[in-house]
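Descriptive structure summary
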Amino acid sequence: MPENLRTPSGLGTVCIMLLPSNVYMRRGILGVACYGRREFLHTDRVAGGNRYISHYRNAFDLTGLKVFRWLEKIPQKGLQSANMSSQTVITVDSSRLTSENFQECHSPSTYEAAMEALSSLITGKKRSASVNTDAKYTKLERMSMYIQILGIEEQIADLNIIHVAGTKGKGSTCTFCEAILRESGFKTGLFTSPHLIDVKERFRLNGLEISERQFLLYFWGCWNQLKDKVTADLPMPPLFQFLTLLGLKIFVSEKVDVAIVEVGLGGKTDSTNVIQDPVACGITSLGFDHTEILGDTLGKIALHKAGIFKPHVPAFTVPQLPEAMDVLKQRAHELEVPLQVAAPLTYKMLNGVKLSLSGDHQLVNAGLAVSLCQSWLNAKGCWEKLFQKDITENSLPEAFLRGLSTAYLSGRAQIVHDSLGLIDQNEINQRRCGELIFYLDGAHSPESMDACANWFSSAAHEKVYRPVSSFSKTENREVACSNGYIQRPNGQEESKIITKRILLFNCMEIRDPEIILPRLVDICASSGSNFSKAIFVPSISTYSKVTSGTSDIPINIQSKDLAWQFNLQRVWERIIHGKDIRLNKNMKIENLPPTEFLYDDISRCNPANENYSCSAVFPSLPLAVSWLRNSARENSSLRLQVLVTGSLHLVGDVLKLLRR
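What counts and what doesn't
Residues numbered from 1 in each chain as written. Predicted model: local features only at pLDDT ≥ 70, side-chain atom pairs only at ≥ 80, totals over all residues. Heavy atoms only, no water. Helix = DSSP H or I, 4+ residues; strand = E, 2+ residues; numbered from the N terminus. Core = buried A, V, L, I, M, F, W, Y, C linked by side-chain atoms within 4.5 Å. Buried < 20%, exposed > 50% of the residue type's maximum accessible area, 1.4 Å probe, protein only. Contact = heavy atoms within 4.5 Å. Salt bridge = Lys/Arg side-chain N within 4 Å of Asp/Glu carboxyl O. Axes fitted to C-alpha atoms, helices over the stretch in contact; angles between N-to-C directions. Parallel < 35°, antiparallel > 145°, perpendicular 65-115°, else oblique. Nonpolar A, V, L, I, M, F, W, Y, C, P; charged D, E, K, R; others polar. Phe/Tyr/Trp six-rings, centres within 6.5 Å; stacked < 30°, edge-to-face > 60°.

Turning our eyes to something else, we now look at unusual backbone geometry. Following S193, the chain continues into P194 via a peptide bond in cis, with omega recorded as -5°. Here P194 lies in the loop between β4 (188-191) and β5 (203-205). A positive phi is found at N206, a non-glycine position, where the angle reads about 50°. By secondary structure assignment, the location of N206 is in the loop between β5 and β6 (208-209). In the Ramachandran plot, A413 falls in the positive-phi region, its phi being about 50° despite a non-glycine side chain. Residue placement: A413 occurs in the loop between α13 (398-406) and β11 (414-417).

In structure tokens form, the structure reads like this:
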């Protein structure tokens, strides 16, 4: 490490980040604006190059290091009330360098070793069969005992937690909350699930996924402490319980000002419900999901979700169906919980700002997040001090708007313009390739599929631009747009573009495709966003192993059982043709559909000849993505719009493939 980039002893964490040249820091502070013991570091407006580098030095690396020479010139002015931008450039946390950190340091171990250890915590039991009636302790009793072993029982109350449950939108709501409070000047921790590519995604500090070094430090610390206390009645916690404990340990050790925690499943008996003293609780939109565990009526499901309510702690929900709302209100009354219904945001309140998470349904999630953050700020005595002069009736503070416009959650209404496996934009231009655009959303319940269909129907009709590569030497820079996209390079008129909309789908076998697929087809068709084809694939991810984002991806899985994918295809063909048809289940690589399959009209479907122009089953996801890329490379007039949905695991697998 260069001498002039070292820190003195006593400074626990240094994060250096170079931002793209069009991103700037607003002059402001890092830390808490209203309360708590924290050292603050003033920052000036910074511009970087075309790189994005995050470098962390953990606590035990920093003994005896010298201070940044240029930091010595910064006056120590203490607390300032200016706002931060959405990216942290420099952070200094003096609380990290403690004897406890040194004691918890595990001998160097690879990240893959940690993944193997995590995989050993997967029980293999179905969720509905996860309750052991013979166990001496309940799940939450065991969670409390684990927390005592980790020595964080008292500190959890200092996390000032916002706890969020719900059927759909809870991840988005949590992400909005984190961004809003971070933009308001607070050090934030965010725990969400599941992860899509890498388990580190579940843990964010100040809006950034924790580094591998940080993860290993806290992972092995928790692992060793718990492993040493294993008994017959208190075994190692299963995977999600361990990850919950790890998240709480990280947030306590990092001394965050607020932790936003997403419930895993249900609420009442969820591992996260070990939290006893949240500052505020939220319930997002409720619907039918995990009915084998939560019950087969909205009332039963709502009762599970309301299990996170704590006596006298403010709670917020969104407009619900009467059956669900009645249960929430009744439970709130029993616990003397002040329950309020948060109104969805309006475009007028956003004052021209666009939500960073797409879809009209995000107005509901954003409205809940705003109410939760206002309640949290009020509870901490910061609302009036920070924003009294910043708002008028039906408006939001600037920090709230910045948070709502910069919050990011992968795999939810996400659009990825694929590079077709080529090096850069120049190569795409030279080869006169078409376009391949992935629309990714992990919807898997009937209600979330409705929201996904509405989003895709709208997004698919929006004007499409190619992304501008930072390495591209495009001569006509005037065609570049402010959002980083550029019009088609070969001068083709939009009317000459051949647009094909493809569904890339898989779902777990506990889902009912007879319900979710017809809704998807109907909503898209009603807006003129009909699917040309559907492709059904098995997921790469397995439920028996935790892998890292750099794990190898098998290209061909000949031994994969495709019975479920053929069942999905049968349902699809029945929706399209209105009758059952016979399918060829002998899928081999040499039998993959030719490129002409994309252009076959539905009228060419001939079940007698096993010619199905509407769908195909691919033996592996990598083969399907490769086939789509080849199709786009071969025709410069082709625009493929691929909706990836039905499973967050499928979405994560696609993102992992596209990132390679």
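Judged by nonpolar contacts, the single largest core of 45 residues is most densely connected at L118, L159, F215, F219, F242 and L246. Contributions of two or more residues to this core are made by α2 (111-119), α3 (139-150), β5, α5 (212-227), α6 (239-253) and β7 (258-262). Setting aside chain neighbours within four positions, we find F215 in contact with Y111, A114, M115, L118, V199, K200, F203, I210 and L246. Counting residues in hydrophobic clusters, the runner-up holds 41 residues, among them I260, L372, C382 and L409.

Opposite charge on two side chains makes pairing possible when the charged atoms of those side chains draw close. Counted according to the given criterion, the structure contains 14 salt bridges. Close ionic contact of E178 with R182 constitutes a salt bridge, the shortest N to O distance being 2.7 Å. Of this pair, E178 and R182 both sit in helix α4 (residues 170-183), 4 residues apart, roughly one helical turn. What emerges from the salt-bridge pattern is a single network uniting D198, K200 and E209.

It is at 9 Å that the axes of α3 and α5 come closest, and there the two elements cross at 110°. Here α3 lies roughly perpendicular to α5, going by the angle between them. Where α3 approaches α5, its residues Y146, I149 and L150 are matched on the opposing element by C222, Q225 and L226. Grouping the amino acids of the contact of α3 with α5 by side-chain chemistry returns 5 nonpolar, 1 polar and no charged.

What the rule picks out here adds up to 22 aromatic pairs. Taking the centre distance of 6.3 Å and the plane angle of 75° together, the rings of W220 and W223 count as edge-to-face. Here W220 and its partner W223 are both found in helix α5, 3 residues apart, which amounts to about one turn of the helix. Like W223, W220 is buried. Seen from their ring centres, W223 and F242 are 5.9 Å apart, and the 70° between their planes marks the pair as edge-to-face. One end of the pair, W223, is in helix α5; the other, F242, is in helix α6, and 19 residues separate them in sequence.

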